[in-house]
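Structural characterization, general
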Amino acid sequence: MQTGLALILANSSLWQIISSLSTFGAVILVILVAMSLVSWMVIFRKLRQFKAIRDDSKSFMTYFRRARKLDEVAGQAQSYKNSPMAAIFKAGFQEMTFLRDRRNEAGGLREKLVPLEDADYDLVEMAMERSLNDEMAKQDTQVIFLATTASSAPFMGLLGTVVGIMDSFWAIGERGSASLAVVAPGIAEALLATIVGLGAAIPAVIAYNWASNHAKFRFNEGSNFILEFIARVRKEAM
């Protein structure tokens, strides 16, 4: 049976198989193809986004660690639009500047600036953590679709497979024959649904795991940067 079916599929064009699909099988196939196309669009978009993030973050961190003072970094942070580190830095620097100005409202009459207290550093850290969460949310956009495709596409393909096999048995009952010519269309439909379902799910699974690992790495990088920033602020205040 398998050898005969392989010969039938080898001698038949894909268009002939598609043209013989049932209405339900065609609907399943269209949905799976659409999910696969959208998944690939998300994958390529994330490739460009993550590359831009990696390049800008690397450049920003190099500049940040070479700068003598944080005020120098603040003027250049706008240049690294794709870097989450730059956005986190701006959030922390703005909060630090606001707290420092508030503690030195009469700065012109003071002989010495009032330093920030531990509670102020906690506020700066919370502002940076909030910015980190916002940046991670931006990176996670559309990734959920990959997870949806990875989890649902195999089951939709299985549904199409079951329907195709049911059509084969229905054809056997109607014609009273189990010949290959009777069952081949339904089995071909079943196999096509399985192939397309797996073809949509496998790249989505790989891309989702890759995006998740990238997000974990960037989150850890951002958390470490917050600690580095706070330590740098404390050193400059000494």
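So, here is what we can say about the structure in this document. These numbers come from a predicted model, not from an experiment. (Residues numbered from 1 in each chain as written. Predicted model: local features only at pLDDT ≥ 70, side-chain atom pairs only at ≥ 80, totals over all residues. Heavy atoms only, no water.)

The next subject is the environment of F93. Note on placement: F93 falls in helix α5 (residues 84–103). The buried category is assigned to F93, whose relative accessible area is 13%. Taking the C-alpha atoms as reference points, F93 and I230, separated by 137 residues in sequence, lie 10.0 Å from one another. Not counting residues within four places of it along the chain, the set of residues in contact with F93 comprises L70, D71, A74 and F229. (Helix = DSSP H or I, 4+ residues; strand = E, 2+ residues; numbered from the N terminus. Buried < 20%, exposed > 50% of the residue type's maximum accessible area, 1.4 Å probe, protein only. Contact = heavy atoms within 4.5 Å.)

Taking 1.5 Å per residue as the helical rise, α5 with its 20 residues ought to reach 28 Å, and the 29 Å between its terminal C-alpha atoms agrees with that figure. Along α5, the residues that are buried comprise P84, M85, A86, A87, I88, F89, A91, G92, F93, M96 and L99. (Expected span 1.5 Å × (residues − 1).)

The next subject is the pattern of salt bridges. It is possible for side chains of opposite charge to pair when their charged atoms get near one another. Inspection of every chain in the model, using the stated rule, returns five salt bridges. Its salt-bridge partner being D55, residue K51 comes within 3.0 Å of it at the nearest N-O pair. In this pair, K51 and D55 are both assigned in helix α3 (residues 23–66), four residues apart and thus about one turn of the helix distant. What makes D55 partly exposed here is its relative accessible area of 33%. As a salt-bridge pair, R65 and E228 come within 3.0 Å of each other at their nearest N and O atoms. Placement of R65 in helix α3 and of E228 in helix α8 (residues 180–237) is noted, with a sequence separation of 163 residues between them. Taking the relative accessible area as the measure of exposure, R65 reaches 55% and is therefore exposed. (Salt bridge = Lys/Arg side-chain N within 4 Å of Asp/Glu carboxyl O.)

Okay, the nonpolar core next. Counting 27 residues, the largest nonpolar core has F60, F64, F89, F225 and F229 as the members making the most contacts within it. Elements with a contribution of two residues or more to this core: α3, α4 (70–76), α5, α6 (118–140) and α8. The dominant element in this core, judged by the number of residues it contributes, is α5, at seven residues. Beyond its immediate chain neighbours, meaning those up to four positions away, F225 contacts F60, M61, F64, M85, I88, F89 and M128. (Core = buried A, V, L, I, M, F, W, Y, C linked by side-chain atoms within 4.5 Å.)

Relative to the helices and strands, R232 resides in helix α8. A polar side-chain atom of R232 sits 2.4 Å from the main-chain carbonyl oxygen of A67. Aside from chain neighbours lying at most four places away, what touches R232 is F64, R65, A67, R68, K69 and L70. (Polar contact = N/O pair within 3.5 Å; in protein donor to acceptor, adjacent residues only side chain to side chain.)

The next thing to look at is α6. Its 23 residues give α6 an end-to-end C-alpha distance of 33 Å, which sits within 8% of 33 Å, the value for a rise of 1.5 Å per residue. Of all the residues in α6, the buried ones are D120, Y121, V124, A127, M128, S131, L132, E135, M136 and Q139. A positive backbone phi angle near 75° is found at Q142, which sits one or two residues after α6.

Another point: the environment of V143. Assignment of secondary structure puts V143 in helix α7 (residues 143–175). The class for V143 is buried, based on a relative accessible area of 7%. If sequence neighbours within four positions are ignored, V143 has contacts with K46, Y208 and A211.

Attention shifts here to the packing of α5 against α6. For any two helices packed against each other, one specifies the crossing angle of their axes together with the interaxial distance. Two numbers describe how α5 lies on α6: the axes approach to 8 Å, and their chain directions differ by 155°. The angle between α5 and α6 falls in the class roughly antiparallel. Where α5 crosses over α6, the two elements pack in a sense that is right-handed. Along its contact with α5, which presents P84, A87, I88, F89, A91, G92, E95, M96, L99 and R103, the element α6 presents D120, L123, V124, A127, M128, S131, L132, E135 and Q139. (Axes fitted to C-alpha atoms, helices over the stretch in contact; angles between N-to-C directions. Parallel < 35°, antiparallel > 145°, perpendicular 65-115°, else oblique. Left-handed = near helix turned anticlockwise from the far one by under 90°.)

Close contact between α3 and α5 brings their axes to 7 Å; oriented N to C, the two are set at 50°. Classified by the angle between their axes, α3 and α5 sit oblique to one another. Residue-level contacts link I53, S57, F60, M61 and F64 of α3 to P84, M85, A86 and F89 of α5. Split into classes, the residues belonging to the contact of α3 with α5 amount to eight nonpolar, one polar and no charged. (Nonpolar A, V, L, I, M, F, W, Y, C, P; charged D, E, K, R; others polar.)

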